[in-house]
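Spelled out, the chains give:
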Amino acid sequence: MSLNIKQFSEKLKKLKIDEMYQNDFLLTWDKTDDEIEAVFTVADALRHLRENNTSARIFDSGLAVSLFRDNSTRTRFSYASAANLLGLTVQDLDEGKSQIAHGETVRETANMVSFMSEIIGIRDDMYIGKGNTYMREVAQAVQQGFEEGVLEQRPTLVNLQCDIDHPTQSMADMLHIIHHFGGVENLRGKKIAMTWAYSPSYGKPLSVPQGVIGLMTRFGMEVSLAHPEGYEVMDDVVKVAEENAQKSGGKFYKTNEMMDAFHDADIVYPKSWASYAAMEKRTVLYEKGDDAGIAALEKELLKENAKHTDWTCSETMMEMTKGGKALYMHCLPADITGVSCKKGEVAASVFDRYREPLYKEAGFKPYIIAAMMFLSKCKDPDEMLKKLVNGGGVPRCL
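Quick look at the structure, then. (Residues numbered from 1 in each chain as written. Predicted model: local features only at pLDDT ≥ 70, side-chain atom pairs only at ≥ 80, totals over all residues. Heavy atoms only, no water.)

### Focus: the environment of Gly230
Working step 1: Its place among the elements puts Gly230 in the loop between β6 (222-226) and α8 (235-248).
Working step 2: Its relative accessible area of 38% is what places Gly230 among the partly exposed residues. (Helix = DSSP H or I, 4+ residues; strand = E, 2+ residues; numbered from the N terminus. Buried < 20%, exposed > 50% of the residue type's maximum accessible area, 1.4 Å probe, protein only.)

Here is the structure:
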């Protein structure tokens with residue numbers, strides 16, 4: 001084989017990943033350890049191909065449909081980059097310009113957008129109990145359409161963020177950590193602080209902190225979840241984190257002290273989010289169309305946030321980490337004190353010092369998404385990687 005693709009190919013051979021073929025990616029904790037490792041392996045392999053000017057196009061044609069029900073920059077462009085890397089064309093589904101606005105059913109929409117579509121990526125993170133449920137309804141509809149012969153192929157659904165998990169983000173974060181520390185074998189015992197941080201806005205989803213504790217507890221790490229009282233995440237996800245830590249030989253604990261989480265931490269991830277209870281209230285109000293109630297809730301939550309302005313990633317807080325040099329992480333955009341807001345999640349000096357690593361962190365996401373697509377569409381991913389490089393590979397750019 002030309003290129004150094006053998007290291008990735010040999011690793012894939014050892015993993016039990018048959019169930020990933022023609023299967024969706026909705027929650028990281030639905031996947032086995034081998035399947036998670038396969039995503040990391042293929043992501044690195046695809047990056048290796050691109051860095052060596054070798055095409056990773058496994059499709060000659062086909063669509064990757066995207067449905068974003070919330071604003072997005074990084075995930076939207078990461079999804080488009082991933083689809084293009086593999087040879088697919090992205091088509092956005094704008095619900096306001098479709099028949100969905102006229103009451104078209106989920107089943108009908110799912111099938112109508114799936115003709116010659118290989119992937120459906122959905123971001124639906126705003127309302128508790130809705131996003132992941134909607135994704136599963138779409139998945140069920142396209143599965144039925146495929147079984148009944150309506151669809152020639154069964155599109156794979158990729159969760160681009162829901163109310164429960166943000167798998168593409170947490171896995172990009174994890175791959176960044178793996179590379180930063182020189183391999184997954186070096187992570188055991190490392191401490192990561194997933195902490196709430198003050199923001200002058202409200203209603204940020206729970207899926208980032210939940211995704212982090214739901215994934216990173218699988219690697220024998222010490223994972224702390226810190227937040228003020230009243231900013232709890234979903235109990236079901238906490239249970240997942242506790243079970244993962246027990247299985248991996250790691251540790252998971254909750255604290256209401258930011259300093260406790262930062263103390264001697266190797267990695268810090270200060271990020272604002274709304275409480276589970278608040279998100280439940282907002283979901284009910286939106287269902288009722290209660291604009292006045294939503295406005296009142298927003299004022300209430302902003303007032304509550306303002307009680308915790310000391311929850312910020314300052315230079316003083318960073319000094320408490322291991323050697324004062326913990327890896328600072330954020331899914332971006334961060335609320336930067338004195339830059340994007342008067343007071344926010346992180347001090348400008350801290351953010352600026354870690355700007356390059358943060359951009360590298362974000363840069364793993366297109367490859368993670370592409371790997372999820374690749375593994376769902378290639379029955380033998382090991383052989384497909386070999387095929388892409390046989391004979392020297394097809395140049396990506398002439």
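That covers the picture; the talk isn't over yet.
### Regarding the packing of helix α6 (residues 167-180) against helix α15 (residues 365-377)
Working step 1: The geometry of α6 relative to α15 is characterised by a closest axis approach of 9 Å and an angle of 115° between their N-to-C directions. Handedness of the α6/α15 crossing: right-handed. Between α6 and α15, the residues in contact are Pro167, Thr168, Gln169, Met171, Ala172 and Leu175 and Lys365, Ile368, Ile369 and Met372, respectively.
Working step 2: The residue inventory of the contact of α6 with α15, partitioned by class, reads 7 nonpolar, 2 polar and 1 charged. (Axes fitted to C-alpha atoms, helices over the stretch in contact; angles between N-to-C directions. Left-handed = near helix turned anticlockwise from the far one by under 90°. Contact = heavy atoms within 4.5 Å. Nonpolar A, V, L, I, M, F, W, Y, C, P; charged D, E, K, R; others polar.)

### Some details on the pattern of salt bridges
Opposite charge on two side chains allows them to pair when their charged atoms are near.
Working step 1: According to the stated counting rule, one finds 20 salt bridges in the structure shown.
Working step 2: The partner of Arg353 in a salt bridge is Glu315, and the shortest N-O contact between them spans 2.8 Å. Within this pair, whereas Arg353 is found in helix α13 (residues 348-353), its partner Glu315 is found in helix α12 (residues 315-319), the two being separated by 38 residues in sequence.
Working step 3: A salt bridge links Arg355 to Asp352, with the nearest nitrogen and oxygen atoms 2.4 Å apart.
Working step 4: We classify Asp352 as partly exposed; its relative accessible area is 45%. (Salt bridge = Lys/Arg side-chain N within 4 Å of Asp/Glu carboxyl O.)

### Details of helix α3 (residues 74-86)
An α-helical turn contains 3.6 residues, so any two residues separated by three or four positions project in the same direction.
Working step 1: Here α3 spans 18 Å end to end across 13 residues, near enough to the 18 Å set by a 1.5 Å rise per residue.
Working step 2: Considering only its buried residues, α3 is in contact with α2 (33-51), β1 (63-68), β2 (89-92), β3 (117-124), β4 (156-162) and α15.
Working step 3: With its phi angle positive at about 100°, Gly87 sits one or two positions after the end of α3. (Expected span 1.5 Å × (residues − 1).)

### A few points about the state of the cysteines
As used here, a disulfide is simply a covalent bond connecting the sulfur atoms of two cysteines.
Working step 1: Scanning all chains against the criterion turns up 0 disulfides.
Working step 2: Among the cysteines around Cys331, which has no disulfide bond, Cys313 carries the closest sulfur, lying 14 Å off.
Working step 3: Owing to a relative accessible area of 10%, Cys331 belongs among the buried residues under this scheme. (Disulfide = S-S within 2.5 Å.)

### Let's talk about the sheet that holds β3
Working step 1: The 4 strands lie next to each other as β2-β1-β3-β4, forming an open sheet whose pairing is parallel. Edge strands, defined here as strands with exactly one partner in the open sheet, are β2 and β4. Averaged over all pairs of adjacent strands, the angle between strand axes in this sheet comes to 20°, irrespective of strand direction.
Working step 2: As paired strands, β1 and β2 are joined by 4 bridges and run parallel to one another. Bridge pairing in β2 links Leu63 to Thr89.
Working step 3: Against the sheet, α3 contacts β1, β2, β3 and β4, and its axis sits at roughly 175° relative to β1. (Pairing = 2+ DSSP bridges.)

### Here's the deal with the packing of helix α10 (residues 276-288) against helix α11 (residues 291-305)
Think of two packed helices as two axes; the pair is described by the angle between the axes and how far apart they sit.
Working step 1: It is the contact of α10 with α11, at a shortest axis distance of 9 Å, that shows an interaxial angle of 165°. Looking at the two axes, α10 sits roughly antiparallel to α11. Considering only the axes of α10 and α11, their crossing is left-handed. In this structure, α10 contributes Ala278, Lys281, Arg282, Leu285 and Tyr286 to the contact, and α11 contributes Gly293, Ile294, Leu297, Glu300 and Leu301.
Working step 2: Split into classes, the residues belonging to the contact of α10 with α11 amount to 6 nonpolar, 1 polar and 3 charged. (Parallel < 35°, antiparallel > 145°, perpendicular 65-115°, else oblique.)

By themselves, these are just geometric observations and shouldn't be taken as functional.
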